[in-house]
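Residues per chain are reported as follows:
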Amino acid sequence: MTLGNIQHMVIFNLHAGKDTQEAEQFLTSSAEELAAIPGVEEFRVLRQVSVKTDFDYGFSMVFANQAAYDAYNIHPIHTQYVAERWMKEVSRFQEIDFAAFE
């Protein structure tokens, strides 16, 4: 088996809380910024509906391969976003990355 595309997911909570105007603004602007980075496919903003976890939101995106994922991680838009938005507005998170078997 070979590994195919990469599914990158992050679940998180915001300092602004859940279902606030500030949270909505963060989700909307984050989607616009991150989805525009080359290599990002199928960007989705997710809302937690399960009582089995205490994370409120999630982002999910797909990369064609490891090279596309690596390029995303060092892309200037991503690194600036992490430093200026993510680190200040996200209170806690868990990141998960899976490669699909093909």
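As a reminder, the structure under discussion sits directly above these lines.
J.: What's the story with the packing of helix α2 (residues 66–74) against helix α3 (residues 76–89) in this structure? I'm lost.
T.: Between two packed helices, the angle of one axis relative to the other and the distance separating the axes together describe the packing. Packing of α2 against α3 leaves a shortest axis separation of 5 Å and a crossing angle of 50 degrees. Considering the angle they form, α2 stands oblique to α3. Together, Tyr-72, Asn-73 and Ile-74 of α2 and Pro-76, His-78 and Thr-79 of α3 make up the contact between the two elements. Its residues assigned to classes, the contact of α2 with α3 shows three nonpolar, three polar and no charged.

J.: Could you clarify how one ought to interpret the packing of helix α1 (residues 21–35) against α3 in this entry?
T.: The interhelical angle for the contact between α1 and α3, taken along N-to-C directions, is 165 degrees, at an axis separation of 11 Å. In terms of axis orientation, α1 runs roughly antiparallel to α3. The way α1 lies across α3 gives a crossing that is left-handed. Packed against α1, whose contacting residues are Phe-26, Ser-29, Ser-30, Glu-33 and Leu-34, the element α3 presents Ile-77, His-78, Tyr-81, Arg-85, Trp-86 and Glu-89 at the interface. The residue inventory of the contact of α1 with α3, partitioned by class, reads five nonpolar, three polar and three charged.

The rules we used
- Residues numbered from 1 in each chain as written.
- Predicted model: local features only at pLDDT ≥ 70, side-chain atom pairs only at ≥ 80, totals over all residues.
- Heavy atoms only, no water.
- Axes fitted to C-alpha atoms, helices over the stretch in contact; angles between N-to-C directions.
- Helix = DSSP H or I, 4+ residues; strand = E, 2+ residues; numbered from the N terminus.
- Parallel < 35°, antiparallel > 145°, perpendicular 65-115°, else oblique.
- Contact = heavy atoms within 4.5 Å.
- Nonpolar A, V, L, I, M, F, W, Y, C, P; charged D, E, K, R; others polar.
- Left-handed = near helix turned anticlockwise from the far one by under 90°.

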